Amino acid sequence: MHPALQGLITIVVGVGGCIGYFYLSNVFVDKVLFPASGPQAGRNINRANMVRPWLFLFPAIFALGLYLAYPVLETLRLSLTDRDAGGAFVGLANYKQMAQEPKFWEAMRNNMLWLIVVPAAATAFGLLSAQLTDRIKWGNIAKSLIFMPMAISFVGASVIFKLVYDTRPAGEDQIGVLNALWMSFDGGVFSTLFLRLLPAAILLGFAAFVLYGVYLIVRPLVSSEASRGGGSWWAAPLRVAVGLGGAWLVFLSLRSVFHLFTATLPYGDPQTWLTIPYWNNFFLMVVLIWIQTGFAMVILSAALRGIPEETIEAAVIDGANPFDIFFKIKVPQIMGTIVVVWTTITLVVLKIFDIVFAMTNGQWETQVLANYMYDKLFRANDWGVGSASAIVIMLLVTPILVWNVYNARKEMR
């Protein structure tokens, strides 16, 4: 059968099935189960109205149970069994074996690095883009261009950046943009400016931005707000954890600045960027930052537009400069939105697989948890350790999901 005809039949059957289900379920409730006639008509109408929402929700609940709840339970079961032993129960042996593998800890370390850098960078660039594009005449065009990578799949973006990082032997024309730029440097003044001073300025600016964020997050712990005992019991530990993560990121940025000025750069030699340990992780992160910046920009731009003009006008009258207005007036008012954007990008980072798989396949110390799980499940055919790593990913994602649901319900109340 022709694929186009198959697609048409699928659409007709799917849409027709949904319409038929809702129509027939209404008929069954109103005519058979609780008929609106006879001495019990009023009670039947009330009962039908109570049952009807559950009938409408049943397809979604059934689909979620079949495609979400069942796989979770089955994955948990498989993580406690051994395929080589015929599916025998082995308890936590798979988790113990996983914890003894260096590749697992490499994946955990890289996931934590992604978790700190990507949400911070994507949210910061998104906030900066949202603020700047709202101040220029062609801001809508700029927003469209920045948001455009969101329409590209992760694999498609990986192929694009793989060409950007492409390497050809010395003496040949470099088709990779990064190597083409690299080969134009010879160690002179421009090399110092663009390869040392400019990256150092960007890293210091990023460190200052993160440090200010850490200050805003930790300040309530040492101010009078902490002594009043307000807020939830988990707020203080969460602030401490986020503060420590930000402090580590600041340390990492400052250490990178030191390395920029002490490293000996191999001018004139094309670099295989994706095989350079440690730094290749950042080259992979650039792909996700490029994609997620547009998402952060759109959400934060809407939040910035929702700030009351009166607060900004009052700050201007009081003599506040543009930086004070942005950091002390605008950012605190949209902090809830920033947290939502940050946690949403964090969920994407914890499940990152496509970019690593398409660009390095976890080689050269770029392994991440999802790619490690794929290797165990489909290459090593080890469903025990593979399922155990899937459970680890789920455990890392769950607190953030709970946090988002809690905040959503809090705002609704």
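Shown above is the structure to which this text applies.
Description of the structure in this document. This one's a predicted model, so the numbers in the text were calculated from it and none came from an experiment.

As for the overall build of the protein
Okay, step 1: For the protein, the helix and strand inventory stands at 17 helices and two strands.
Okay, step 2: Its C-alpha atoms give the protein principal-axis dimensions of about 95 × 70 × 50 Å.
Okay, step 3: The 413 residues of the protein split such that 33% are buried.
Okay, step 4: Put simply, 71% of the contacts in the protein that link residues at least 6 apart link residues at least 24 apart.
Okay, step 5: Computing the positive centroid from 28 side-chain charges and the negative centroid from 23, the protein places the two 10 Å apart.

With respect to the packing of helix α4 (residues 102-133) against helix α11 (residues 279-305)
Okay, step 1: Here α4 crosses α11 at 40°, and the two axes come no closer than 6 Å. On the basis of the axis angle, α4 is oblique to α11. Considering only the axes of α4 and α11, their crossing is right-handed.
Okay, step 2: In terms of residue class, the contact of α4 with α11 is made up of 18 nonpolar, nine polar and no charged.

Thoughts on the packing of aromatic side chains
The relative placement of two aromatic rings is captured by the distance of their centres and the angle of their planes.
Okay, step 1: Enumeration over the complete set of coordinates arrives at 22 aromatic pairs.
Okay, step 2: When the ring of F104 is compared with that of W105, the centres are 5.1 Å apart and the planes differ by 70°; the resulting orientation is edge-to-face.
Okay, step 3: Residue classification places F104 among the buried residues on the basis of a relative accessible area of 5%.
Okay, step 4: Relative to F357, the ring of F353 has its centre 5.1 Å away and its plane inclined at 25°; by these criteria the two rings are stacked.
Okay, step 5: Note on F353: relative accessible area 21%, which makes it partly exposed.
Okay, step 6: By relative accessible area, F357 is classed as partly exposed at 31%.
Okay, step 7: Taken together, F161, Y165, W182, W273, F283 and W290 form an aromatic cluster joined through their ring pairs.

Rules and cut-offs
Residues numbered from 1 in each chain as written. Predicted model: local features only at pLDDT ≥ 70, side-chain atom pairs only at ≥ 80, totals over all residues. Heavy atoms only, no water. Helix = DSSP H or I, 4+ residues; strand = E, 2+ residues; numbered from the N terminus. Buried < 20%, exposed > 50% of the residue type's maximum accessible area, 1.4 Å probe, protein only. Contact = heavy atoms within 4.5 Å. Lys, Arg positive; Asp, Glu negative; His and termini not counted. Charge placed at Lys NZ, Arg CZ, Asp CG, Glu CD. Axes fitted to C-alpha atoms, helices over the stretch in contact; angles between N-to-C directions. Parallel < 35°, antiparallel > 145°, perpendicular 65-115°, else oblique. Left-handed = near helix turned anticlockwise from the far one by under 90°. Nonpolar A, V, L, I, M, F, W, Y, C, P; charged D, E, K, R; others polar. Phe/Tyr/Trp six-rings, centres within 6.5 Å; stacked < 30°, edge-to-face > 60°.

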